[in-house]
Amino acid sequence: MNRPTPECSIDAEEEIVISGIAGRFPESVNIQKFKENLMNKVDLGSSNHGRWNHTLNMPGRIGKINNVEKFDSQFFDISTTEAHIMDPAARMLFEHTYEALIDAGINPKELWNTRTSVITAIFISETRGHMLFDAQLSQLPMIKNHMPVANVISHWLGVTGPSHNIDTACSSSNYAIVKAYELIRAGDCDTAIVASCNLCFHPRIQYQFYQLGIYLLYFNTFLFIILFYDETGNVFINFF
């Protein structure tokens, strides 16, 4: 059966559906709370975030994600030692992968040995530098690095589809969704999990954008996806 609408040019039987979604946003523990905050025009940005001081000559407001230090390692069958050295973004992706599967009506145990792909989109890990250059911490498992997170999630779920991280800087999440679509269409997997996270614990990334002239001086609304256009029409995308 062909769709008559111009928005969809493929057969209905071949459509790919996003069946589950989950996430955590500034002052919003889940997507429902995020929606409520947006609909009620709640200001989710703050200068009193405690991540860093205001010594640098740049805007200090950010959107703060709460509870990044909390993680139920036993639930995910991860040792306490590994949990303590895991990148906070990796811990969050474990939690929200599980949440998204439940939202889709899928028991994670039912995915065992299925052709499910896991694609993460993480382009920076602010804790990696500290881990790699610490003589003791650098000897611990590589789960502290954000790169193998997709592989660890695949192992936890017992799935056999393609599993890797995509890093195309600020467009990583967008490209990861495109890649998941292509993998399914090509028959390389039957389903795909796409997970992304960007946590800022240090001001250096924001300061870099500020020095490039693509950081907004004053903002109250666009805390999460900000588009910057330069004089030539090029666009920069930053996710907070």
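Residues numbered from 1 in each chain as written. Predicted model: local features only at pLDDT ≥ 70, side-chain atom pairs only at ≥ 80, totals over all residues. Heavy atoms only, no water.

### Notes on the overall build of the chain
Argument step 1. Within the chain one finds 7 helices and 7 strands.
Argument step 2. When its helices and strands are written in sequence order, the chain yields α-β-β-α-α-β-α-α-β-α-β-α-β-β.
Argument step 3. The proportion of buried residues among the 240 residues of the chain is 38%.
Argument step 4. Nonlocal contacts in the chain, meaning residues at least 24 apart in sequence, comprise 59% of its contacts between residues at least 6 apart.
Argument step 5. Accessible surface, the chain: about 14300 Å² in total, of which carbon and sulfur atoms supply 54%. (Helix = DSSP H or I, 4+ residues; strand = E, 2+ residues; numbered from the N terminus. Buried < 20%, exposed > 50% of the residue type's maximum accessible area, 1.4 Å probe, protein only. Contact = heavy atoms within 4.5 Å. Areas by Shrake-Rupley, 256 points an atom, 1.4 Å probe, with all protein chains shown as cover.)

### Focus: helix H1 (residues 31–39)
Argument step 1. One side-chain oxygen at the N-terminal end of H1 lies 3.2 Å from the backbone nitrogen of Gln-32; it belongs to Asn-30.
Argument step 2. Where H1 ends, the next residue or the one after it, Lys-41, has phi of about 55 degrees, a positive value. (Polar contact = N/O pair within 3.5 Å; in protein donor to acceptor, adjacent residues only side chain to side chain.)

### Section: the pattern of salt bridges
If the charged atoms of two oppositely charged side chains come close together, the side chains can form a pair.
Argument step 1. According to the stated counting rule, one finds 2 salt bridges in the structure shown.
Argument step 2. When the shortest N-O distance is used, the salt bridge between Arg-24 and Glu-95 registers 2.5 Å. In this pair, Arg-24 is assigned in the segment before H1 and Glu-95 in helix H3 (residues 88–103), connecting sequence segments 71 residues apart.
Argument step 3. Close ionic contact of Asp-190 with Arg-115 constitutes a salt bridge, the shortest N to O distance being 2.6 Å. Placement of Asp-190 in the loop between helix H6 (172–185) and strand S5 (191–196) and of Arg-115 in the loop between H3 and strand S3 (116–121) is noted, with a sequence separation of 75 residues between them. (Salt bridge = Lys/Arg side-chain N within 4 Å of Asp/Glu carboxyl O.)

### Observations regarding the sheet that holds strand S4 (residues 163–165)
Argument step 1. What the 3 strands build is an open sheet, ordered S4-S3-S5; its pairing is parallel. Here the strands that pair on one side only, and so sit at the sheet edges, are S4 and S5. Averaged over neighbouring strand pairs, the angle between their axes works out to 15 degrees when direction is ignored.
Argument step 2. Where S3 meets S4, 3 bridges bridge the pair, whose relative direction is parallel. (Pairing = 2+ DSSP bridges. Axes fitted to C-alpha atoms, helices over the stretch in contact; angles between N-to-C directions.)

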